[in-house]
Each structure stands twice: as structure tokens, then as C-alpha cells.
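In case you want the letters, here they are:
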Amino acid sequence: MPPPTVLSRYGGWLPKSRKIHQAFFNEHLKFAEDMKRRNAAHEPAVVAFEKAIQSDPIMTLLFRKIFLQVSSENHIPDFEYLLRMMDHIVVAAPKFQIAAGEVGEPIGVPMYLLFDLLSNTDAAHDLFRMPAFNVALKNLLDSWGDYLKTGNSNNTLTDAVEGWFGTFGLASLEAGRGIFNQTYVTPDPTAINRGYTSWDDFFTREIQSTARPIDAADNKSLIHSACESTVYRIARDVKAHDQFWLKAQSYSIYDMLSIEADRTYVDQFTGGTVYQAFLSPQDYHRWRSPIDGVIEKAIVVPGTYYAVIPDAGAEADDPDLPEGDPRGALIRSQAWLTMTSARALIFIRADNPVIGLMCFIGVGMAEVSTCTLSVADGQKVKTGDEIGMFHFGGSSHALIFGPQVNVTFADNVVVDNHLLVNSIIAQVSPAAPKA
């Protein structure tokens, strides 16, 4: 089994280099200024988004407040500039960003970078949770998603310096994950773009079975990693209802399972264990069943895309950002996002009676506007079977276990550690009776 690799907590979401971060905004601001000078028309999807916002006085007012409240580090002057920068993004595939004297870095979630600092305001907390705003935003993201399924969108799958198969791009894709052609299914391994016909084709690429073997598949007491991801948090004795405070975000089972799920499920998981880990754009984005069992219920529920809990910036013990850095609030809000973001819920009745019922939650963060299910109610699954996938960006996921099971996590399952899909992450045993 390949050794676990520690990746940046914000890896793939925020550039590590400030020069790369600045180069991204310089490029998009230059484009916006050129469009403004030529009085060029917006892309149709951006026109629809603009109309939706400006037709609602509350959303219009909140956007004005966002630009008054946002950090001084913000690069976007106003709403019109935001729209014109969106114009640049919705007809382009994510790429690698370069800057003089710097190693190129992936900008896998460019729309998120536009919203990053804007979201970390009180006004955005109100606006980005409004159903009308999220409907308008989803329509925009869906339009971009349609483009990312076209043949034109594979134009960043090149070996150029800004391409995903260039020197920087390939190194990023392979870091801690294995040699690309030996790890993933490539329609044409000899082609520069590996035969992927679109960005989405590349993003949802399948993995070779030999690259991610299922160790000890016959041991039904083991839990395997459902996603290629970086550990975010483990919580025990989770409550049915809880509040999400700024620094100590708690999991609330009632809200995580949403109004779409049968409320009888809430009682079955109250007092149980939650494991959460997040995916970077470079990761494999299909979900695998962590256990053997039967799909009892599988649904997708709508939610938010860029809403966060506003904070005072990175804390003193942040592994990547200096204390007070306002960037990355979405990453710091991941526990809260399990109850607010668009997400998939897959309830699996385990063959192992000690586990009983467990739940996989696929959390669509930022531009991930699509969570696709690969299973149906009543379907039998084995450990490692595909159960769904994310499209277009980064994301997070959670596994929930009931209070009747004790979950002992492997030694390498620690915060900020990157784990491969299908690897063993835990072992279960009956929980000791409570006194």
C-alpha cells in the first residue's frame, strides 16, 4: 500500500504562492477591464445570473454590503467586475496558473477563488444561504458544467506550462497518488490528453483496479476509505441537534440528514461517530462503498454552494496560512457545510450486524453543482463498488455510524493526512454499554 502523503489543508483550493494567487486575479481583472472598455456583452449564463440578482432588492442590497464588508485583501472592485470575471470562467476549463519565478499551481476551482473573500462576510452569510440566490447560482454553474462536457473544454489537457499534463500539472496529479497512466483508466495512454474528450471526462476519470486494491476484503469489521481525500475531522457522540459555533463547529445529525430523509434515521445515528475528509481537484472523484451491504435509501438534496461561517481568519495553529488570513473560510467551515451544502445521502444497511445502518454523505462544495448517484434503493454493494461521483471542482464527504458501534481509526487517519480510496481507515466492534 502506498504511504500516506500529507498535503496542504487548502491544497487545490487556494494557491500556496501569493504570487500565483495574484497572477490569477491579474489575469481575470485584465480580462474584465478589457470587456468593460469594449462594452462587450456578458455570456448568456452570466446575464441570467445578473438579472436574478438585480430583480431582487434584498439580494441587490446584500451584494452591495458584501463589497463594503469584505477584507481589504479583496481584488474585485464591485459586482460588475465580478460578473465580467465570471464571463472569463464559464467558457473556460480550469488550468494551471503560472507566475514569474514560481512553480505553477492548479486552479481547479476558479469560481471559488472569486467568491473566497466575498463569502467571508456577514452579508454573504445571509445572501449565500438564500434559496433564490442558490437557484440563480446553480443555473450559472450548470451552464458552466455543460461547457465542461464539450470537446472544447479539453483544451487545458495539454503538456503546455498551463496544462494538466505539463511538468507542473502532472507532478501535482501524481503527488502521493501514483504515476498517472498506471493509476487511472486512460482512453488513449499515448495521447498528450490521454484520450479524455472533455474536462468532465478527465475529472471523473476511473481508477485502475490494480492501483487501489481492497485489502482484507473478507474482513467485515473493516471500514475502507470511500473517497481519495484528506482527513478533516472525527467526532464522537454526535447530537441530534446542535449549534454551529464559529470555532467549535459541531455536527447536527438532524440537519445533516435534511428534510428529505426519513426522521427515523436521526435517532439511529444520534450519539454515533462522524468521520469527514475533503477532496482536492487533483483527487479521484468517484465514491466507493466503504462496506458490504444493501442500499436502503439514496437521495440528492439541494443546498448552498459558497456559504460559509464568517470568521476572523486562520487560527494560530493553521498549518498553511498565517494567523488572521481571511482566505479559505469555506475549508474551515466544512463541518457546517455537511448540513447546508448540496449533497448526496446514501444509507447502507451493512452485512455486518455490528455496523447496522451507516450513511455516506457526499458534500458538493463550491462549483461542485452535481452529485451523481450510481446506486438505487435496494441494490446490493460490495466494498469498493462505485456508489456515485462529484463533478466540476472540489468537495467533501462524511461517514456516519450509529452509537451501537465502536469505530477505531487506523494510526494514519489523522487530520490533514491524505488517504487513498479503498484503503483501510477503521475497524469496528460493538460499543460498550453506557453506564
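Structure shown above.
Quick notes on the rules
- Residues numbered from 1 in each chain as written.
- Predicted model: local features only at pLDDT ≥ 70, side-chain atom pairs only at ≥ 80, totals over all residues.
- Heavy atoms only, no water.
- Pairing = 2+ DSSP bridges.
- Helix = DSSP H or I, 4+ residues; strand = E, 2+ residues; numbered from the N terminus.
- Axes fitted to C-alpha atoms, helices over the stretch in contact; angles between N-to-C directions.
- Contact = heavy atoms within 4.5 Å.
- Phe/Tyr/Trp six-rings, centres within 6.5 Å; stacked < 30°, edge-to-face > 60°.
- Buried < 20%, exposed > 50% of the residue type's maximum accessible area, 1.4 Å probe, protein only.
- Lys NZ or Arg CZ within 6 Å of the ring centre and 35° of its normal.
- Salt bridge = Lys/Arg side-chain N within 4 Å of Asp/Glu carboxyl O.

> Any chance you could explain the sheet that holds strand β11 (residues 370-373) here in plain terms?
Strand pairs in the sheet, formed through backbone hydrogen bonds, run parallel or antiparallel to each other. Judged by pairing direction, the sheet is antiparallel, and its 3 strands sit side by side in the order β7-β13-β11 without closing on themselves. Two strands lie at the open edges of the sheet, namely β7 (286-288) and β11, each paired on one side alone. Within this sheet the neighbouring strands show an average axis-to-axis angle of 20 degrees, counted without direction. Relative to strand β13 (residues 386-391), β11 runs antiparallel, the two sharing 4 bridges. If you follow Leu-373 over to β13, its bridge partner there is Gly-388.

> Just to check I follow, could you spell out the environment of Phe-180 for this structure?
Within the secondary structure, Phe-180 is located in helix α9 (residues 180-183). Along the primary structure Phe-180 and Trp-336 are separated by 156 residues, whereas in three dimensions their C-alpha atoms are 34 Å apart. Setting aside chain neighbours within four positions, we find Phe-180 in contact with Phe-165, Leu-170, Leu-173, Glu-174, Thr-186, Arg-194, Tyr-196, Phe-202 and Arg-205.

> I tried to follow the side chain of His-397 on my own but got confused; where do I start?
Mapped onto the fold, His-397 is located in strand β14 (residues 395-401). Excluding its chain neighbours within four sequence positions, the residues that come into contact with His-397 are Ala-226, Cys-227, Ser-229, Tyr-275, Gln-276, Ala-277, Leu-279, Phe-360, Ile-361, Gly-362 and Val-363.

> I would appreciate a short explanation of the packing of aromatic side chains in the present structure.
Aromatic ring pairs are defined here through the distance separating the ring centres and the angle between the ring planes. With the rule as written, the count across this model stands at 26 aromatic pairs. Both rings, one in Phe-165 and one in Phe-180, keep their centres 5.1 Å apart while their planes meet at 85 degrees; by these two values the pair is edge-to-face. Residue Phe-165 is found in the loop between α7 (131-147) and α8 (167-174), and its partner Phe-180 is found in helix α9; the two are separated by 15 residues along the sequence. Both residues of the pair, Phe-165 and Phe-180, count as buried. Look at Trp-287 and Phe-390: their rings are 5.0 Å apart centre to centre, the planes differ by 65 degrees, and that puts the pair in the edge-to-face class. Taken as a pair, Trp-287 in strand β7 and Phe-390 in strand β13 lie far apart in primary sequence, 103 residues in all. Accessibility classification places Trp-287 together with Phe-390 in one group, the buried group. Clustering of aromatic rings is evident, with ring pairs tying together Phe-96, Trp-164, Phe-165, Phe-180, Tyr-184, Tyr-196, Trp-199, Phe-202 and Phe-203. A cation over a ring is seen here: Arg-205 above Tyr-184, with NZ or CZ 4.5 Å from the ring centre. Its end group placed over the ring of Phe-202, Arg-205 keeps NZ or CZ at 4.6 Å from the ring centre.

> I tried to follow the pattern of salt bridges on my own but got confused; where do I start?
Close approach of charged atoms allows side chains of opposite charge to pair. With the rule as written, the count across this model stands at 20 salt bridges. Across the salt bridge formed by Asp-283 and Arg-177, the nearest N and O atoms sit 2.9 Å from each other. With Asp-283 in the loop between β6 (273-279) and β7 and Arg-177 in the loop between α8 and α9, this residue pair connects regions lying 106 residues apart in the sequence. For the residue pair Asp-283 and Arg-177, the accessibility class agrees, reading buried in each case. Across the pair Glu-206 and Arg-286 runs a salt bridge, and its minimum N-O distance is 4.0 Å. One end of the pair, Glu-206, is in the loop between α10 (199-203) and β4 (222-224); the other, Arg-286, is in strand β7, with 80 residues separating them in the sequence.

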